[in-house]
Structure formats: C-alpha cells, structure tokens
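Residues per chain are reported as follows:
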Amino acid sequence: MRISVIGCGYLGAVHAAAMAKLGHDVIGIDVDERKIDDLQASKAPFFEPGLTELLSEVQGSGSLSFSTNIADAADADVHFLCVGTPQRKGENAADLRYVDAGFRAIAEQIKPGALIAGKSTVPVGTAARLAAELSVLQPGAMLAWNPEFLREGHAVQDTLSPDRLIYGIPDGPQGQRALELLDDVYRQILDADTPRLTMGYETAELVKTSANSFLATKISFINAMAEICEATGADVKVLADSIGLDDRIGRKFLNAGVGFGGGCLPKDIRAFMARAGELGADQALTFLREVDAINMRRRERVVELIREELGGSLLGKRITVLGAAFKPNSDDVRDSPALSVGAQLQLLGAIVTMTDPEALANARMRFPELQYEQNLEEAIGGAEALVLLTEWKQFTEADPVAWAQLVSVPLIVDGRNALDIDKWREAGWHVKAMGRP
Ligand code: UDX
C-alpha cells in the first residue's frame, strides 16, 4: 500500500520505517528540514536502538522516502498522523496546534477513498471533531483513530510486534472501509495473532490515555509505598517483589525510585485531568493529581537524601549525576527526573556534573548552565557523591572497586533501586537507596 506518515518525531520516524519493513511504499513528512535530511540519509534524528539499521534496510530497497512537502503525500491510501501533543505552556491541557495543522494540511491533499489514521495521543473528542471537519473538506475520505503504545528504547520492536491493535472507527460503510484499510496495512502483524479491537473514536482515544494513566498510577503507587517504607524502615524493593508475585498485580512498573518522566506519562495524565474538567467529570480523575504530586515529591526526596548524606549542605559539593535521559536507551530529556534533580542540586549550591551515554546534547540545550561530561571516568573523578538517576547498563554494571579509586568520597545515592547494594557496600561504598533501609 502507499502510506504517508505526517510528523517524523519519536513516534513517526519509527512508524514510517516499520511500515516500510511491512512491505509498504512509505513517505515520511515533516516540516523540520534538518530532520528530513537526516532521515533521507538513513540517519536517525534521535537515539533509538535499531532505528538506524531499519532505516538503512528499508531505504536500500527504495520503499521509504522523506519530504518536507505535504503534496508529495497526496497519493497515499493511508495517512498516519504522528505529530506531538505537548503540554500547553502554563496549563495542564494538551496543545493541539500540531494535530490541527497536520490534519488540515493532509485533508487538503487527500484523495477520495483514502484514510487518515490518527496516532497522536489526543483528548477524547478530538477525533469526532476532526471527522466532522473532514466530511466537509473531503467527504469521500475517512478518519480512524489508531493509538500507538510504543515505549522509547523499544520502539522498533513495539511497533512491529505490538501487544494489540486498537481501531477507533465510525459506524457504517465508511467505518467498514477504514477497518479493511487498516487490516491491509497491518496484515503481517495480524497474521502473527496480534489481538485487534475495534471501537468508536472516543473509546480508542481513551484506551491510550487510560493506559498511560494506569501505568503512571502503578509507578506512583509503589513510590507512595516507598515513602511509607522510609518512615518505617521497611524495604520497598522486597515489598514490590512480594506483591508483584500476585499475578493480579504483576511485578512490571513497580520499580520505585525517582519517578516517571518523559514526553508521555506526565503530560498525558495532566491533559486527561484537564479534559475531564471540560467534560464536567473532573472528580473522576482527582486521584491523578495525587499521582502527579507523589511523582514530583520523589524528585524533592532524592535531593533531600543527598543533602542529608552530605551533612546538611550542598554548597560547593562536587556531585556527579549518572543519567540525564528520562529512561535508559533513550536520548529524550523531556520532563526527565535526572535533569530536573541535577538542576535542583545546582540551584542549591552544588557543583554538578551530568553524564549520560546518549542524552548530553539534548540536556545541554535544556540546561546550558550545568556541566556535562561524556567520559564516564572524567565525570566521576573527584566526586563527593554520585547519584544514579537513569539506570543505563554502563552505570548499573560498573565495577564498584574501580570506581571507588576514582571518586573522592565513595558515596552513591541509587535513585532507581538498580544497584546490587551488597556488592557496592563490599567495595567500600556508602549506598543510599530510595525506600530502602
Ligand atoms: C510510555 C508508555 O509505556 C507507552 O506505552 C506510551 O506509548 C508512551 O508512554 P515511555 O514514555 O517510552 O512509554 O516510557 P516508559 O517505559 O513507560 O517509562 C516512563 C517513565 O516511568 C520513565 O521515566 C521510567 O523511568 C519510569 N518508570 C517506569 C518507573 O519509574 N518505574 C517503573 O517501574 C517503570
């Protein structure tokens, strides 16, 4: 099939490459020329494991191209809308300007019988509004909402082997045609017995926001338990292992630490609360305010922990923050706990060095006033405290004996509960973890 992907960020670039891998003829569109030049040269514009290889593979076969000109997408049978929905400045609500602009641009080009499939995370009600607009702009075209659940760092695999496919489609013949087109797109994935659920627009939009809200709630739940553990001397990791063995609960997303960040969970729960308010259903989601508050408190807690360990003052203390990305295997620093803790430590007078295998360039753009050091040995050399905030293997699998020779004080705060504490203590380190005695 001929497919276009509008928006080539973390979601769209991977989606475009994955659709070409499924055998389609794909064109990726973005307004950012630099990004398009990179992609055209098979260079991933951000760090995502496996993406560069996938781009080279599919571009070699001629099935993937990129352009800044939306008219180049006019021929496609299916147009995937993959633009960002960031948080509005000074508000909780999502900023829909890129969705609206991308949608209108493609709606002016789309041929009759073709489909726009929205992938962006949008407030419930958006798809119905866009469908009404489309029925005026191009009555012969259709709209579906087809949310995406990929995790950064696993995006290629999550796109090619998703847990499920969600189709939000209208009733009637247009909905039936949209379903057939999406099935044609995802034929290989469906043949692998991937569950496919069809529903109305509103439910499909809510599947995405409620899934992210559930995940955020699960993380904040275990972080709330970490606060109780800190108040009682209990161990949150043992607690998580124990409750996680109940398969109604499950161990995944019960890692306590400095909390969640990134371009999705924080802004999605806020946008969801804002939307519920507009719908007169804000009471249903007041718990998400607590989820957000617990999450933000963990950042303050880790700063407090370091201050306590350094004798009550951070002034002039050389601290190395291990990690800048919001999670390992990503260079994304959007709402990154590591970066916000680094900035907070610096504000309180510490001399902070940030190190990260992939995210330093992005981090420097956000907080140019922090010091950045790519070389790990240089970064930790002479430090009076290390703080692990992104659990990259380079940090969690480091040799504590060798590192003890490099630092000035062997003190490490594990903000992700990712270290083998006994091993570090045996090597002479003083280790503090979050929610653990
Ligand atoms: C998330 C959803 O998982 C994905 O389905 C959706 O499409 C986009 O948002 P992503 O933001 O890539 O994906 O990262 P995810 O792996 O969910 O982690 C989010 C944050 O939670 C990270 O900062 C991570 O460090 C943190 N986290 C995760 C925890 O603090 N504890 C956990 O147990 C799991």
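Quick caveat: nothing in here was measured; it's all calculated off a predicted structure. (Residues numbered from 1 in each chain as written. Predicted model: local features only at pLDDT ≥ 70, side-chain atom pairs only at ≥ 80, totals over all residues. Heavy atoms only, no water.)

**Remarks on the packing of aromatic side chains**
In step 1: Counting across every chain of the model gives six aromatic pairs.
In step 2: Ring plane angle 40° and centroid distance 4.4 Å describe the contact between Tyr 10 and Phe 46, whose orientation is recorded as tilted. Of this pair, Tyr 10 sits in the loop between strand 1 (2-6) and helix 1 (12-21) while Phe 46 sits in the loop between helix 2 (33-40) and helix 3 (51-60), placing them 36 residues apart in sequence. Phe 46 shares its class with Tyr 10; the two are buried.
In step 3: Put simply, the rings of Phe 80, Tyr 167 and Tyr 186 touch in pairs and so form one group of aromatic residues. (Phe/Tyr/Trp six-rings, centres within 6.5 Å; stacked < 30°, edge-to-face > 60°. Helix = DSSP H or I, 4+ residues; strand = E, 2+ residues; numbered from the N terminus. Buried < 20%, exposed > 50% of the residue type's maximum accessible area, 1.4 Å probe, protein only.)

**Notes on the pattern of salt bridges**
In step 1: As enumerated under the stated definition, the model contains 34 salt bridges in all.
In step 2: We note a salt bridge from Glu 91 to Arg 88, for which the minimum N-O separation is 3.1 Å.
In step 3: The class of Glu 91 is partly exposed, set by a relative accessible area of 37%.
In step 4: For Arg 88, a relative accessible area of 35% gives the class partly exposed.
In step 5: Salt-bridge contacts for Arg 301 lead to Glu 230; the nearest nitrogen and oxygen are separated by 3.1 Å. One end of the pair, Arg 301, is in helix 12 (residues 286-309); the other, Glu 230, is in helix 9 (residues 201-232), and 71 residues separate them in sequence.
In step 6: With relative accessibility at 22%, the residue Arg 301 sits in the partly exposed group.
In step 7: Given the relative accessible area of 28%, Glu 230 is considered partly exposed. (Salt bridge = Lys/Arg side-chain N within 4 Å of Asp/Glu carboxyl O.)

**Observations regarding the nonpolar core**
In step 1: Val 302, Ile 319, Leu 345, Leu 386 and Trp 403 are the most contacted members of the largest nonpolar core, which totals 48 residues.
In step 2: Ranked by residue count, the leading element in this core is helix 13 (residues 337-347), at five residues.
In step 3: Other than its neighbours up to four places away in sequence, Trp 403 contacts Leu 322, Leu 376, Ile 380, Leu 386, Gln 394, Phe 395, Ala 398, Trp 424 and Trp 429.
In step 4: Met 19, Phe 80, Ala 144 and Ile 189 belong to the second-largest nonpolar core, a separate cluster that totals 45 residues. (Core = buried A, V, L, I, M, F, W, Y, C linked by side-chain atoms within 4.5 Å. Contact = heavy atoms within 4.5 Å.)

**Thoughts on the packing of helix 12 against helix 13**
In step 1: Running from N to C, helix 12 and helix 13 point in directions that differ by 45°, and their axes come no closer than 10 Å. With respect to helix 13, the axis of helix 12 lies oblique. Helix 13 is crossed by helix 12, and the crossing has right-handed handedness. On the side of helix 12, the interface is formed by Arg 299, Val 302, Val 303 and Ile 306, while helix 13 contributes Pro 337, Ser 340, Val 341, Gln 344 and Leu 345.
In step 2: Along the lines of polarity and charge, the residues of the contact of helix 12 with helix 13 split into six nonpolar, two polar and one charged. (Axes fitted to C-alpha atoms, helices over the stretch in contact; angles between N-to-C directions. Parallel < 35°, antiparallel > 145°, perpendicular 65-115°, else oblique. Left-handed = near helix turned anticlockwise from the far one by under 90°. Nonpolar A, V, L, I, M, F, W, Y, C, P; charged D, E, K, R; others polar.)

**Thoughts on the domain arrangement of the chain**
In step 1: Domain boundaries assigned for the chain yield domain 1 (2-199) and domain 2 (233-437).
In step 2: Computed over C-alpha atoms only, the centres of domain 1 and domain 2 are separated by 33 Å.
In step 3: With 17 residues of domain 1 at the contact, the number on the domain 2 side is 17 residues.
In step 4: Carbon and sulfur atoms make up 52% of the surface buried where domain 1 meets domain 2, a total of about 1,400 Å² over both sides.
In step 5: The largest per-residue losses of area from domain 1 upon contact with domain 2 belong to Phe 47, Asn 92 and Glu 152, which jointly make up 41% of the total buried on that side.
In step 6: In this assembly, domain 1 and domain 2 are joined by one salt bridge.
In step 7: The closest approach of N and O atoms between Arg 334 and Glu 152, which form a salt bridge, is 3.2 Å.
In step 8: Connecting domain 1 to domain 2 are nine residue pairs in polar contact (both at pLDDT 80 or more).
In step 9: Residue composition of the side of domain 1 that touches domain 2, grouped by class: nine nonpolar, six polar and two charged. (Domains from an automatic or database assignment. Buried area = accessible area lost by both parts, 1.4 Å probe. Polar contact = N/O pair within 3.5 Å; in protein donor to acceptor, adjacent residues only side chain to side chain.)

**Some words on the sheet that holds strand 14 (residues 430-433)**
Within a beta sheet, neighbouring strands are joined by backbone hydrogen bonds and run either parallel or antiparallel to one another.
In step 1: Spatially, the six strands line up as an open sheet ordered 11-10-9-12-13-14, and their pairing is parallel. Since the sheet does not close on itself, it has two edges, and those belong to strand 11 (371-372) and strand 14, each with one partner.
In step 2: Along the sheet face, helix 13 touches strand 9 (318-322), strand 10 (351-355) and strand 11 and points at about 160° away from the line of strand 10. (Pairing = 2+ DSSP bridges.)

**Here's the deal with the site of the ligand**
In step 1: The ligand sits among 20 residues. The nearest are Phe 149, Glu 152, Lys 208, Asn 255 and Lys 327.
In step 2: Taking Glu 152, its main chain carries an N or O atom lying 2.7 Å from an oxygen atom of the ligand.
In step 3: At 2.9 Å, a side-chain N or O of Lys 208 approaches an oxygen atom of the ligand.
In step 4: Protein contacts shield 92% of the accessible area of the ligand, which totals 670 Å² for the unbound molecule.
In step 5: When residues in the shell around the ligand are grouped by element, the largest group, four residues, is from helix 9. (Near = heavy atom within 4 Å. Areas by Shrake-Rupley, 256 points an atom, 1.4 Å probe, with all protein chains shown as cover.)

**Observations concerning the pairing of strand 14**
In step 1: With burial as the criterion, only one face of strand 14 is covered, namely that bearing Val 431 and Ala 433; the residues His 430 and Lys 432 on the opposite face remain uncovered.
In step 2: Of the crossover connections in this fold, the one passing from strand 13 (residues 411-414) over helix 18 (residues 421-426) to the parallel strand 14 is right-handed. (Right-handed = clockwise from strand over helix to strand, strands pointing away.)

**Quick look at the side chain of Asn 212**
In step 1: Within the secondary structure, Asn 212 is located in helix 9.
In step 2: In contact with Asn 212, other than residues within four places in its own chain, are Cys 264, Leu 265 and Asp 268.

**Focus on unusual backbone geometry**
In step 1: Positive phi is not limited to glycine here, since Ser 42 has a value of about 60°.
In step 2: Along the chain, the position of Ser 42 falls in the loop between helix 2 and helix 3.
In step 3: Residue class for Ser 42 comes out buried when judged on its relative accessible area of 17%.
In step 4: One non-glycine residue, Asp 193, lies in the positive phi region at around 65°.
In step 5: Among the secondary structure elements, Asp 193 is positioned in the loop between helix 8 (187-191) and strand 8 (196-199).

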